[in-house]
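Examination of the molecular architecture
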Amino acid sequence: MARIPIVGELPDWLSEAANLTELAKGSTVWLAVTGLSRAGKTVFITSLVHNLLSALHNPNRMPLLKAVGEGRLLAAQLEAARAHTLPRFPYAANIEAMAGTPSVWPEPTADISEIGVDIRFAPTGLVGNLLGRVSGHAATLRLRIVDYPGEWLLDLPLLSQSYAEWSRTTLGLWKRGLRANLARDFFTFAAEHPATETGSEAVAKEAHDLYRALLATARDKHGLSYLQPGRFVRPGVLADAPYLWFAPLEVPDGVDRFAAGSLGALMAERYEVYKREVVEKFYDSYFRNYARQIVLVDVLGALLAGREAFEDTRLATEAILQSFKYGQHNILTRLLGASRVEKVLFAATKADHIPDSQRENMSTLLRHMAALPVLSARGRDADIDVMSLASVASTIEATQVIDGRDVEVVVGRKVGAAKQAKFLSGEVPVRPPRPDEWGAPFLDVPVFEPPLIDPAPVDGIPHINLDLALDYLIGDRLQ
Ligand SMILES: Nc1nc2c(ncn2[C@@H]2O[C@H](COP(=O)(O)OP(=O)(O)O)[C@@H](O)[C@H]2O)c(=O)[nH]1
Ligand SMILES: [Mg+2]
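Here we summarise the structure given alongside this text. Quantities reported herein were computed from a predicted structural model and do not represent experimental measurements. (Residues numbered from 1 in each chain as written. Chains lettered and ligands numbered in written order. Predicted model: local features only at pLDDT ≥ 70, side-chain atom pairs only at ≥ 80, totals over all residues. Heavy atoms only, no water.)

Let's talk about the packing of aromatic side chains
To keep it simple, the criterion reads: Between rings of Phe, Tyr and Trp, where Trp is taken as its six-membered ring, a pair exists when centres lie within 6.5 Å; planes separated by under 30 degrees are stacked, by over 60 edge-to-face, and by other angles tilted. For helices the rule is a DSSP run of H or I covering at least 4 residues; for strands it is a run of E covering at least 2, with both sets numbered from the N terminus onward.
According to the stated counting rule, one finds 24 aromatic pairs in the structure shown. Consider the rings of Trp 30 and Tyr 290, whose centres lie 5.9 Å apart with planes at 45°: the pair is tilted. Separated by 260 residues along the polypeptide, Trp 30 in strand E1 (residues 27-35) and Tyr 290 in the loop between helix H12 (263-285) and strand E5 (292-297) bring together distant segments of the chain. For the ring pair Phe 246 and Tyr 271, a centre distance of 5.9 Å and an interplane angle of 90° mean the geometry is edge-to-face.

Digging into the pairing of strand E3 (residues 113-121)
So the rule is basically this: Exposure categories follow from relative accessible area, calculated using a 1.4 Å probe and restricted to protein chains: below 20% of the type maximum is buried, above 50% is exposed, and the middle band is partly exposed. Two strands are counted as paired when DSSP detects at least two bridges linking them.
Burial analysis of E3 places eight of its nine residues in the buried class, which makes it a mostly covered element. For strand E2 (residues 73-78) and E3, the ladder comprises five bridges, and the chain directions are antiparallel. Its bridge partner being in E3, Ala 76 is matched across the sheet by Ile 119.

Examining the packing of helix H3 (residues 41-54) against helix H5 (residues 91-99)
The following threshold applies: Note on definitions: angles span 0 to 180 degrees between N-to-C directions of axes, and those axes are lines fitted to C-alpha atoms, for helices only across the stretch in contact. In this scheme, roughly parallel covers angles under 35 degrees and roughly antiparallel covers those over 145, while 65 to 115 is roughly perpendicular and the rest are oblique. Residue contacts follow a heavy-atom distance rule, with two residues in contact if any of their heavy atoms lie within 4.5 Å. Ten residues, namely Ala, Val, Leu, Ile, Met, Phe, Trp, Tyr, Cys and Pro, are considered nonpolar, four, namely Asp, Glu, Lys and Arg, are considered charged, and the remaining ones, Gly among them, are considered polar.
In contact at an axis separation of 10 Å, H3 and H5 are set at 95° when each is read in the N-to-C sense. What the angle tells us is that H3 and H5 run roughly perpendicular. In contact with Thr 42, Thr 46, Val 49, His 50 and Leu 53 of H3, H5 contributes Tyr 91, Asn 94, Ile 95 and Met 98. A per-class count over the contact of H3 with H5 returns five nonpolar, four polar and no charged.

Some details on the pairing of strand E8 (residues 396-402)
Note: E8 against strand E9 (residues 405-412), seven bridges, orientation antiparallel. Bridge pairing in E9 links Ile 396 to Val 411. A loop of two residues connects E8 with E9, the two strands running antiparallel in sequence, and Asp 403 in this loop sits at a positive phi of about 50°.

A few points about the site of ligand 1
Which entries qualify depends on this criterion: Whether a residue is near a molecule or strand is decided by its heavy atoms; if any one of them lies within 4 Å of it, the residue is near. Pairing of N or O atoms within 3.5 Å defines a polar contact, subject to two protein rules: one partner must be a possible hydrogen donor and the other a possible acceptor, and residues neighboring in sequence count only if both atoms are side-chain atoms. The Shrake-Rupley method, run with a 1.4 Å probe sphere, supplies the accessible areas, and residue values consider only the shown protein chains as cover.
Among the 17 residues in the neighbourhood of ligand 1, the closest are listed as Arg 38, Lys 41, Thr 42, Val 43 and Asp 352. Between ligand 1 and Ala 39 there is a distance of 3.3 Å, counted from an oxygen atom to a backbone nitrogen or oxygen. In the environment of ligand 1, an oxygen atom lies 3.5 Å from a nitrogen or oxygen atom belonging to the side chain of Trp 105. For ligand 1, whose free accessible area comes to 570 Å², the fraction covered by protein is 95%.

Things to note about the sheet that holds E1
Strand order in this open sheet of seven strands is E2-E3-E4-E1-E5-E6-E7, and the pairing throughout is mixed. The open sheet has two edge strands with one neighbour each: E2 and strand E7 (383-388). With direction set aside, neighbouring strand axes in the sheet form an average angle of 20°. Here E1 pairs with E5 via five bridges, running parallel. From the neighbouring strand, Ala 32 faces E5, where its bridge partner is Gln 293. Contacting E5, strand E6 (343-348) and E7, helix H16 (residues 356-369) runs over the sheet at an angle of about 140° to E7.

Notes on the nonpolar core
Put simply, the test is: Definition used in this section: a nonpolar core is a set of buried Ala, Val, Leu, Ile, Met, Phe, Trp, Tyr and Cys residues joined via side-chain atoms within 4.5 Å. As annotated, the domain borders come from an automatic or database domain assignment.
Grouped together as the largest cluster of nonpolar side chains are 93 residues, with contacts concentrated most on Tyr 283, Phe 324 and Phe 346. Take this core: its biggest share by element is ten residues, from H12. Counting only domains with at least three residues in this core, you end up with domain 1 (1-148 + 286-391 + 451-479) and domain 2 (157-281). Those residues in contact with Tyr 283 that lie beyond four places of it in its chain are Leu 153, Leu 156, Arg 288, Ser 323, Leu 332, Leu 335 and Leu 336. If you look at the next biggest cluster of nonpolar residues, it comprises 46 residues, including Val 29, Leu 52, Val 68 and Ile 145.

A few points about the side chain of Arg 314
Within the secondary structure, Arg 314 is located in helix H14 (residues 307-321). Assessed through its relative accessible area of 18%, Arg 314 is described here as buried. Here Arg 314 is in contact with Met 369 and Pro 432, once residues within four sequence places are set aside.

A few points about the pattern of salt bridges
Put simply, the test is: Here, a salt bridge means any Lys or Arg side-chain nitrogen found within 4 Å of an Asp or Glu carboxyl oxygen.
Summed over the entire model, instances satisfying the criterion amount to 29 salt bridges. With a closest N to O distance of 2.8 Å, Glu 114 and Arg 144 form a salt bridge. With Glu 114 in strand E3 and Arg 144 in strand E4 (residues 139-147), this residue pair connects regions lying 30 residues apart in the sequence. Considered together, Glu 114 and Arg 144 belong to a single accessibility category, that of buried residues. One salt-bridge network, held together by shared partners, links Glu 79, Glu 114, Asp 118, Arg 142 and Arg 144.

Structure follows, in structure tokens:
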């Protein structure tokens, strides 16, 4: 008779599974994909799904996902459409766009969406032996992938700030550097409307419109990204609910309450509704399920956009990191209770823009941008790792002789260009550059046309490290 293995040898998730029959029927893992707009979420999910669906036909696409590399993948198919609570991620339309002639990048999307892939696989070793008795050796993992705007995570600090505190912090930031220039009109308005004046719907709405226009300009024209509240930038389905009609006001130090009927009181009331109805609800209804998350960061884009934009991306990345830290008296711990994010990968995207030798630099830079831990931290916080990847490799590597030296370049076709060209990237810095080191742009980052793609899930899409990323995120669930 076979000996019953000790429970200590089982992977964590299995000891939590109800029983083996349950496991054979399938378990579910949520993978949330987030990042600031244009970081590459849509392209990442589209390529990931396409490569998973293609992996059976072309295992060479995803060898570093161990279930594929070890030949244990048995099937992967899109989950049948059912009554989803979230809008469905437009995978088919995106693939069609990228496989067209000319090939185009998918349309940007602004709201949360999801898509499911059912993965059938042969489990390894111990689990496989146990499972073999109930199911003939196959297990199913349902991977539910969710795309949500990283901007929403920038709202976490609001939960521990009163309206007065938030106003002071926010306007303090807008008084510095480039931001001060952009915010001039808003400050003129704020000076004319102290928090103590009689509350007026019209003034509140005007303040809101001005502030929201300021956020849009900062993002679209200057590449800034540390912008709060997140829903003013990425409203999703909320669009223009009246409780959103608030904005920060000049609130003197020491003041925390406002007289009934004042403009400050009206703003504070809406701010509190926003926190409760939008921010808390997002964490409570959605975020708590997302045990595995990947945060995409366009490190190269931020470097190119210059010092202030880079510093803003750094601030935003650091703020996003806070959603994965669970201190003892942390607001998030109170909100989420026992549900915890287990693994987070911070990934520098679009690594196909630079030669292989620079990619390590790019992940190191990302690590330093947000003081990300060097090793995954065991314990209270989520396990965190950092890497660089390209969801859709749109270039190939080559060398070019310059001044008698071999220099690595990438070869690709810029969108709209007639033919391919070689691109030299220069050295990616491993630390955020010092203020005096900015000046000439570090890198010349073009928008490359995606490669030729077969819309049928057979050949897959060339990528860099997509399989490695997925193995880090869900590999333990495919053992
Ligand atoms: N070369 C290259 N470009 C990419 C890659 N991923 C994203 N991009 C570019 O970045 C743009 C924004 O990506 P998208 O996924 O729409 O960003 P989202 O706003 O985070 O969903 C795309 O239209 C592409 O031009 C990649 O892996 N390689
Ligand atoms: Mg998108």
